[in-house]
Amino acid sequence: MWDDAFPSFLIGLREGLEAGLIVSVLVATLVRSGDRARLPHVWTGVAAAIGLSMSFGAILTFTAANLSGTGQEAFGGTLSLIAVVFVTAMVFWMRRSARTFAGEIKEKVTAALGMGAGVLIVTSFLAVGREGLETALFLWTTAQAAGSSSGPLTGAAAGLLIAAGLCWGLYRRALHINLTRFFTITGAVLIVIAAGVLGYGMRDLQEGGVLPGGTAYAFDLSAHLDPGSWYVTVVQGTLNLTPQMTWLQIAAYGAYLAVVMTLFVRGVRGVRGTASPQPQPQPQPTTQPAPTKSAPANPAPRIPRWTLPAALVCLPALVAGIAVVVSDGKPASGTPVIEVSAADCGKGFTAPKPGRQTFQVRNSGNRTSEIYLIDPVSNAVYGEVEGIAPGTTRALIATVGNGSYAWRCVPSGGKAVTSAAVTVSGGGSTKAVLPVSEKDLAAPLAAYRKYVDQGLADLLAKTGALQRDIDARKLYKARSDWLPAHEQYASLGAAYGTFGDWDAKINGRTAGLAGGVDDPAFTGFHRIEYGLWHGESASALAPYAKRLTSDVAALREDFPKEDFDPGDLPLRTHEILENTLHRELSGSADYGSGTELATTEANLDGTRELLSLLRPLIDKRDAEVTSDADTWMRRTERLVLAQRGKDGSWTPLGKLSTVDRQRLDGSLGQLLEELAPIPDLLEIRKAA
C-alpha cells in the first residue's frame, strides 16, 4: 500500500505546509499581540475550508459512480488532466515564490488583522480551501489510478500530519527549513509523478472512447513481469508506469517530462542567479587593504541543463529493460502463457493445477479477439478476456476445480475456434457461468417490447387527460391526474436507453440547464409539476401540457422502429433502482409534488416486470440471485407503501423520520447488492 501512498503523501505534505504556514503566522501574530479572543475566527475559516474540500471529493466520487463504464473512464481521464495542470501550476508558483514566501505571508496576515473578524475568517478559509481543493482533486485521481482509496488516503493523511507538525515546530521556532530547497526537491519529484498521472489519464480517455489508439501498444511486458511482484508494484504505484502502455501514453509522459522538467530546472537556476542581494554591513575605515580571494584554478564543471530531463524521460525504458533482464525474457515464474489465434487457439495449454490461477493470454494472431476459458461440455465460462488486440498479452484469472477446461477464441469477424480439452482432478468444485447469446434474450426482449408498447398507449391516454384538465382550467384535477401519468412513465424504466432524446423532453430535469426552471429546454412532467405546485396559471401551463402529449404520441409512434440492444435488459434490472437511489431518494427529482416515493414504487414495478421476464435465464445460472432479490424487493416495497395514505397521498421524502429514511435507504441498497450479479450472469458472450 505504501507505494500507492507516496504520491499522495508528497502532495499532502506540500499543500499542508503551504496552507499551514499561513495559519501558523495568523495564530502566532494573534497570540503575540494578546488577541487570543480572535483565534476562533481563524479556526472557523479552517473548518469551513476542510468541509468544502471533503464535499468536493464526495462530489467527484458521486458523479463518477453515476456514469456508465466508458463515462467513468472519460470522467476520470479528464480530471487526471486537470489535476496535472493544477500540480504543474503549483510547482512553478512555489518555485518562484519560495524565497519570498514568508514575507508575503506576513504582509497578508498584517492586512487581515487590520480589517476585522470577517477578513480573518476569509483569509484562513482561502489559505486552506485552495490547497484543500487541489489536494482532493489529486487524491481522487491517484485513488482511481491505484484502484483503491486506502493507500492514497493513508499517504495524504501522513503528509498532512507531518506538515502540521512542521508548522507547529516553526510556530514554536524549534525548526528551521530552507523553503527554497524543500520546494525545489519536492517540485522535481512531483513533476515525475504528474507525468505518470498524465499517462494514466490518457489511458482512461482512450478506454472512454475520447482518444484513439487504445490498442496501439508501445510495449507489452505483461507476459514477462509478475504483476504482484514488489518492483512492478512500486513502479506502478509511484510513477504510474504499467507493464503495458500505449504509444499515446508514452508520448504524453515523455513530452511532459521533457518540457516541464526543462523549464523547471532552468527556472530554478534563474531564481538562484537573480536572487535579491542580502544587506551588507557598511565598511569600516582601515589602514590595511582587505584581503582578496583568488578564483579557484579548476572550477567544478557545470552539469548540462538537459541531463536531468533526459534521464527522467528515459526512465520508463530503463525500468522496462531492467525488468526484462531480471526476468531473463521469460514469463513470470509460475504464470503460464497461452497463445491464442484463429489458427491455433490455446497453444501451450496444459492441465492446470487446482486453485486460483493466473494465465497470461497472448494474441499471436492478426485480429482482435474475445478469449474464453470454458467447460467444453456445457460451454460454461470460467474466465474471459475481451477485445485483446494482436500482439498483446492480458492476464486472465480463474479458479480451477474438478472438470474439463478448454480455450475458445472468437476473432473479430471470424468463426469461433476451440482448443483441445484437458481434465483437472483433485480439486474442489468451482462455479462457471453459462454463456448467454442474443438468441437467448430474443424472447424476453420481444415480450418486453410488447409491454412497453402497451405502456406507452396507456401513458398517452393519461397525458391526454392531464392536458384536458389544464385546458379546462381544472388545476385541482390536474394535480390529481399528474401522478398516475408520471407513475406510468416511470414503470417503463428499462426502455430509457431506447427513448433517446424523448426521455429528456418527457421527463427531463433542470440539471445542466442554465435557466433552471425558466429554461426553455425544461419541459415535460417535471415542468408541469413545478407549475402545478407553485401557483402557475392554467394558461401558462397549457403549452407544456400540449407539448407533453405531443411528445408522448411521437415516442409511441417512433418506439417500434427503434433498435433495442438485448444486452440492455439485464443491465436495467440494476440501473432502474440505482437511478432511483440517486434521484428520487436524494430529493433531486422533486419539483413540488412530494411524490418521490410514488415514483420509487413505479420503478420497483418496472424492475419486477424485468425480473419476471429474465427469471428463467437467471435461475438456470444461479437460482439464489432471484430468490434473494425477491426477498429484498418485498421488504423495500413494504417500506415504500407504508408511506402511502388511505386517500392515495404520499409522505414527502423530506418528512420521513430519520429511522424510516435509514431503513428505506438500507433496504434499497441491499436490494441493489442482490441485483448486481444479474448483468454479469446474463452478459452476451460470444462463447455461446
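Predicted model only: the values in this text are computed from it and were never measured.

Right, let's talk about the pattern of salt bridges for a bit. Here the structure, examined in full by the defined rule, presents 12 salt bridges. A salt bridge links D481 to K477; the shortest N-O distance between them is 3.0 Å. Pair noted here: D481 and K477 are both in helix α13 (residues 475-490), with a separation of 4 residues, about one helical turn. With a shortest N-O distance of 2.9 Å, E575 and R572 are connected by a salt bridge. Separated by 3 residues within a single helix, E575 and R572 lie in helix α18 (residues 568-582), roughly one turn from each other. On the basis of relative accessible area, E575 is assigned to the partly exposed category, the value being 27%. Put simply, E384, D680, E683 and R685 are held in one network by salt bridges that share partners.

Each full turn of the α-helix corresponds to 3.6 residues, which orients residues three or four apart in the same direction. Between its terminal C-alpha atoms α18 stretches 20 Å, which fits the 21 Å expected from 15 residues at 1.5 Å a residue. The sharpest bend along α18 measures roughly 30° and falls at H574. The set of residues buried in α18 consists of D568, L569, P570, R572, T573, H574, I576, L577, T580 and H582.

Moving on to the pairing of strand β8 (residues 403-411). Extensive coverage of β8 is indicated by the burial of 8 of its 9 residues. Sheet topology places strand β5 (residues 369-374) next to β8; 6 bridges connect them, and they run antiparallel. Residue S369 lies in a different strand from β8, and its bridge partner there is P411. Judged from the 2 bridges that link them, β8 and strand β9 (residues 417-418) form a sheet pairing that is antiparallel. Of the residues in β9, the one forming a bridge with R408 is T418. Connecting β8 to the antiparallel partner β9 that follows it, the hairpin turn spans 5 residues, and G413 within it adopts a positive phi of roughly 75°.

Reading the values: rules and limits
- Residues numbered from 1 in each chain as written.
- Predicted model: local features only at pLDDT ≥ 70, side-chain atom pairs only at ≥ 80, totals over all residues.
- Heavy atoms only, no water.
- Salt bridge = Lys/Arg side-chain N within 4 Å of Asp/Glu carboxyl O.
- Helix = DSSP H or I, 4+ residues; strand = E, 2+ residues; numbered from the N terminus.
- Buried < 20%, exposed > 50% of the residue type's maximum accessible area, 1.4 Å probe, protein only.
- Expected span 1.5 Å × (residues − 1).
- Bend = angle between axes of the 7 residues up to and from the residue.
- Pairing = 2+ DSSP bridges.

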